[in-house]
Amino acid sequence: GESVGLHLPTLSVQEGDNSIINCAYSNSASDYFIWYKQESGKGPQFIIDIRSNMDKRQGQRVTVLLNKTVKHLSLQIAATQPGDSAVYFCAERGGDYKLSFGAGTTVTVRA
Amino acid sequence: DAGVTQSPTHLIKTRGQQVTLRCSPKSGHDTVSWYQQALGQGPQFIFQYYEEEERQRGNFPDRFSGHQFPNYSSELNVNALLLGDSALYLCASSLGWGPETQYFGPGTRLLVL
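Computed from a prediction, not measured in an experiment: that's the story for all the values here.

Caption draft 1: Quick look at the nonpolar core. If you look at the biggest cluster of nonpolar residues, it comprises 20 residues, and the most contacted ones within it are Trp34, Ile46, Phe64, Leu76 and Tyr89 of chain B. Elements supplying a minimum of two residues to this core: strand S3 (19–24), strand S4 (31–37), strand S5 (44–50), strand S8 (74–78), strand S9 (87–94) and strand S11 (108–112) of chain B. Setting aside chain neighbours within four positions, we find Phe64 of chain B in contact with Gln36, Ile46, Phe47, Arg57, Leu76, Asn77, Val78, Asp85 and Tyr89 of chain B. Listed in part, the 19 residues of the second largest apolar core include Trp35, Ile48, Val62 and Leu66 of chain A.

Caption draft 2: Structural context of the state of the cysteines. One pass over the structure, following the stated rule, counts 2 disulfides over all chains. Paired through a disulfide, Cys23 of chain A and Cys90 of chain A show a sulfur-sulfur distance of 1.8 Å. Of note, the bridge from Cys23 of chain A to Cys90 of chain A carries an S-S torsion of about 50° and is right-handed in sense. Of the two residues, Cys23 of chain A sits in strand S3 (residues 19–25) while Cys90 of chain A sits in strand S9 (residues 86–93), which places them 67 residues apart along the sequence. Of the two residues examined, Cys23 of chain A and Cys90 of chain A, each falls in the buried class. Residue Cys23 of chain B pairs covalently with Cys91 of chain B via a disulfide, S to S 1.8 Å. Looking down the S-S bond of the Cys23 of chain B and Cys91 of chain B bridge, the torsion is -55°, so its handedness is left-handed. Here Cys91 of chain B lies in strand S9 and Cys23 of chain B lies in strand S3, a separation of 68 residues in the sequence. The pair formed by Cys23 of chain B and Cys91 of chain B is uniform in burial state, with each residue classed as buried.

Caption draft 3: Expanded view of the interface of chain B and chain A. Contacts between chain B and chain A engage 22 residues on the former and 20 residues on the latter. Interface of chain B and chain A: buried area, both sides summed, is about 1500 Å²; carbon and sulfur atoms make up 55% of it. Across the chain B-chain A interface, the total number found is 0 salt bridges. Across the chain B-chain A interface, the total number found is 3 residue pairs in polar contact (both at pLDDT 80 or more). Looking at the side of chain B that touches chain A, its residues break down into 9 nonpolar, 11 polar and 2 charged.

How each quantity is defined
Residues numbered from 1 in each chain as written. Chains lettered and ligands numbered in written order. Predicted model: local features only at pLDDT ≥ 70, side-chain atom pairs only at ≥ 80, totals over all residues. Heavy atoms only, no water. Core = buried A, V, L, I, M, F, W, Y, C linked by side-chain atoms within 4.5 Å. Buried < 20%, exposed > 50% of the residue type's maximum accessible area, 1.4 Å probe, protein only. Helix = DSSP H or I, 4+ residues; strand = E, 2+ residues; numbered from the N terminus. Contact = heavy atoms within 4.5 Å. Disulfide = S-S within 2.5 Å. Buried area = accessible area lost by both parts, 1.4 Å probe. Salt bridge = Lys/Arg side-chain N within 4 Å of Asp/Glu carboxyl O. Polar contact = N/O pair within 3.5 Å; in protein donor to acceptor, adjacent residues only side chain to side chain. Nonpolar A, V, L, I, M, F, W, Y, C, P; charged D, E, K, R; others polar.

As structure tokens, this is what we get:
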């Protein structure tokens, strides 16, 4: 079946640098994409979302980019902080309205 | 404003037993979705309840069943537990069916021995 996946399972970043987390998806019918952050022992926390009729959306310190041509989604975190250390998941909503998650990228922030 | 709550936080069962997990949605939300998250994996959609009916279902066997109550809270039941059912079970709530901005609870960690 079709699924959402991430390019890299782990990412190490220096505190203060910008982070870029990538995600590839294969379901061309997906119309809505979400990034979640999951800290150890907690449930996923909503970060930012984007609809398929947009290619960029900005939040507080975060930006999501959507490239439908190559089915690619990315999350950019500006001035990465120690509190940003977590597992990041991208998720897509397919034409059946079900939400599918990728395997996640573990981000570690170096002091 | 209470967020999504789940109970219990941890649970240990043996193979063949049955388990019931509970979820209370975020205030104002009427839709509850359940997910299974195996260690090191992303959450996998089990099913979604809206207006006390199962609206969507993922690729899970009939051993997994659920219920939604008039107050929008929900239960997940798993019968004939297998070792492979060991996972973190997450509940997410939203307003209206279709996963518009789902808010997740902390999960219930189930261990099957």
